[in-house]
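Architecture at a glance
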Amino acid sequence: MIASGEKMGGSMTLIIAKIYDGIIRIDSDSKITNPDVVQSQPLCGAIKSIIITPGICVSYAGRVYYAEKAVKAIFHLKEKSEKTVIDVLNEYHAQSNSETSFIIAISISKPKLIEISGGQIRESDNSVWIGDRDGFNCFQENFIQIKSQHDVLTKQTFFDAQFSAFKAVIMNSQVKS
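Residues numbered from 1 in each chain as written. Predicted model: local features only at pLDDT ≥ 70, side-chain atom pairs only at ≥ 80, totals over all residues. Heavy atoms only, no water.

**Some points on the packing of helix H3 (residues 133–147) against helix H4 (residues 155–171)**
Running from N to C, H3 and H4 cross one another at 140°; their axes reach a closest spacing of 8 Å. One finds that H3 runs oblique with respect to H4. Seen along the crossing, H3 lies across H4 with a hand that is right-handed. Contacts between H3 and H4 involve Gly-135, Cys-138, Phe-139, Asn-142, Phe-143, Ile-146 and Lys-147 on the former and, on the latter, Phe-158, Ala-161, Gln-162, Ser-164, Ala-165, Phe-166, Ala-168 and Val-169. For the contact of H3 with H4, the residue count by class is 10 nonpolar, 4 polar and 1 charged. (Axes fitted to C-alpha atoms, helices over the stretch in contact; angles between N-to-C directions. Helix = DSSP H or I, 4+ residues; strand = E, 2+ residues; numbered from the N terminus. Parallel < 35°, antiparallel > 145°, perpendicular 65-115°, else oblique. Left-handed = near helix turned anticlockwise from the far one by under 90°. Contact = heavy atoms within 4.5 Å. Nonpolar A, V, L, I, M, F, W, Y, C, P; charged D, E, K, R; others polar.)

Here it is as structure tokens:
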């Protein structure tokens, strides 16, 4: 694993997880724009992807309060299985009135991604995202354009395209993510 909703249009966070050739890559901003959090410095940020076990990583977007409570609850579990992690995150997603979304990246046997967003749980074997829709649209535009420049798509060129497309979102002043 490489860590680097109803989508929440105003969440100001973007997290994209993709699987290519059996490898999971997660790209996330670190900006905190949540109204529940006081910023002490303009460069403050947060890691929004947390490794739970060697085979499970959780990422969050939305209300930090519920994400922190969910992660603490997971760390207090005796058994941190796929099912228990999904159950805890789904519970806090519901408590947040769907204002906190999660991605669970699992690489225990076959890599897979689980998105908890918009009151639903969705499993994917290739790609999920949570957060800012405008940021995601910008990412997709860039990702497709960059990928199309390669005759042969290798693992390296795929992940380079993902990184470059995500960087383009961060550098785009029109995107608030």
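**Details of the sheet that holds strand S5 (residues 56–62)**
Strands sit in the order S4-S5-S6-S7-S8 across an open sheet of 5 strands; the sheet is antiparallel. Strands at the two margins of the open sheet, each flanked by one partner only, are strand S4 (49–53) and strand S8 (120–124). The sheet shows a mean angle of 20° between the axes of neighbouring strands, direction not considered. Two elements, S4 and S5, share 4 bridges in a ladder whose sense is antiparallel. Across the sheet, the residue bridging to Ser-49 is Ser-59, located in S5. Where helix H1 (residues 64–75) meets the sheet, it contacts S4, S5 and strand S6 (100–106), and its direction lies at approximately 15° from that of S4. (Pairing = 2+ DSSP bridges.)

**Focus: the side chain of Ser-101**
Within the fold, Ser-101 resides in strand S6. Overall, Ser-101 belongs to the buried group, its relative accessible area being 0%. A polar contact of 3.1 Å, which involves the side chain of Ser-101, links it to the side chain of Ser-117. (Buried < 20%, exposed > 50% of the residue type's maximum accessible area, 1.4 Å probe, protein only. Polar contact = N/O pair within 3.5 Å; in protein donor to acceptor, adjacent residues only side chain to side chain.)

**Considerations on the pairing of S4**
Burial runs high along S4: 4 of the 5 residues are buried. If you look at the hairpin formed by S4 and S5, you'll find 2 residues sitting between the two strands.

**A short note on the confidence of the model for the protein chain**
Of the residues in the protein chain, 82% have a pLDDT of 70 or more, and the chain-wide mean is 85. Mean pLDDT in the protein chain bottoms out at strand S1 (residues 2–3), which sits at 40, and peaks at strand S7 (residues 112–117), which reaches 98. Across residues 1–11, where pLDDT falls below 50, the model places 40 contacts with residues more than four positions away in sequence or in other chains. Scored below 50 in pLDDT, residues 38–43 makes 2 contacts in the model with residues more than four places away or belonging to other chains. (pLDDT = per-residue confidence, 0-100.)

**So, the nonpolar core**
Of all hydrophobic cores here, the largest spans 21 residues; its most connected members are Val-85, Leu-89, Phe-102, Ile-104 and Ile-116. Only S4, S5, H1, helix H2 (82–95), S6 and S7 provide two or more residues apiece to this core. Tallying contributions element by element places H1 first for this core, with 6 residues. In contact with Phe-102, other than residues within four places in its own chain, are Val-58, Ser-59, Tyr-60, Ala-67, Ala-70, Leu-89, His-93, Ile-114, Glu-115, Ile-116 and Ile-130. (Core = buried A, V, L, I, M, F, W, Y, C linked by side-chain atoms within 4.5 Å.)

**Some points on the packing of aromatic side chains**
Scanning all chains against the criterion turns up 9 aromatic pairs. For the pair Tyr-65 and Tyr-66, a centre-to-centre distance of 5.0 Å together with 85° between the ring planes defines the contact as edge-to-face. Residue class for Tyr-65 comes out partly exposed when judged on its relative accessible area of 44%. Between Phe-136 and Phe-139, the aromatic rings sit 6.4 Å apart at their centres with planes inclined by 25°, giving stacked as the arrangement. Pair noted here: Phe-136 and Phe-139 are both in helix H3, with a separation of 3 residues, about one helical turn. The pair formed by Phe-136 and Phe-139 is uniform in burial state, with each residue classed as buried. Following the ring pairs from residue to residue traces out a cluster consisting of Tyr-20, Trp-129, Phe-136, Phe-139, Phe-143, Phe-158, Phe-159 and Phe-166. (Phe/Tyr/Trp six-rings, centres within 6.5 Å; stacked < 30°, edge-to-face > 60°.)

**Topic: the packing of H1 against H2**
One way to put it is that H1 packs onto H2 with a least axis distance of 9 Å and a crossing angle of 155°. Accordingly, the angle class assigned to the pair H1 and H2 is roughly antiparallel. Between H1 and H2 lies a crossing whose hand is right-handed. The segment H1 lies against H2, with Tyr-66, Lys-69, Ala-70, Ala-73 and Ile-74 engaging Val-85, Val-88, Leu-89, Tyr-92 and Gln-95. Considering only residue class, the contact of H1 with H2 consists of 8 nonpolar, 1 polar and 1 charged.

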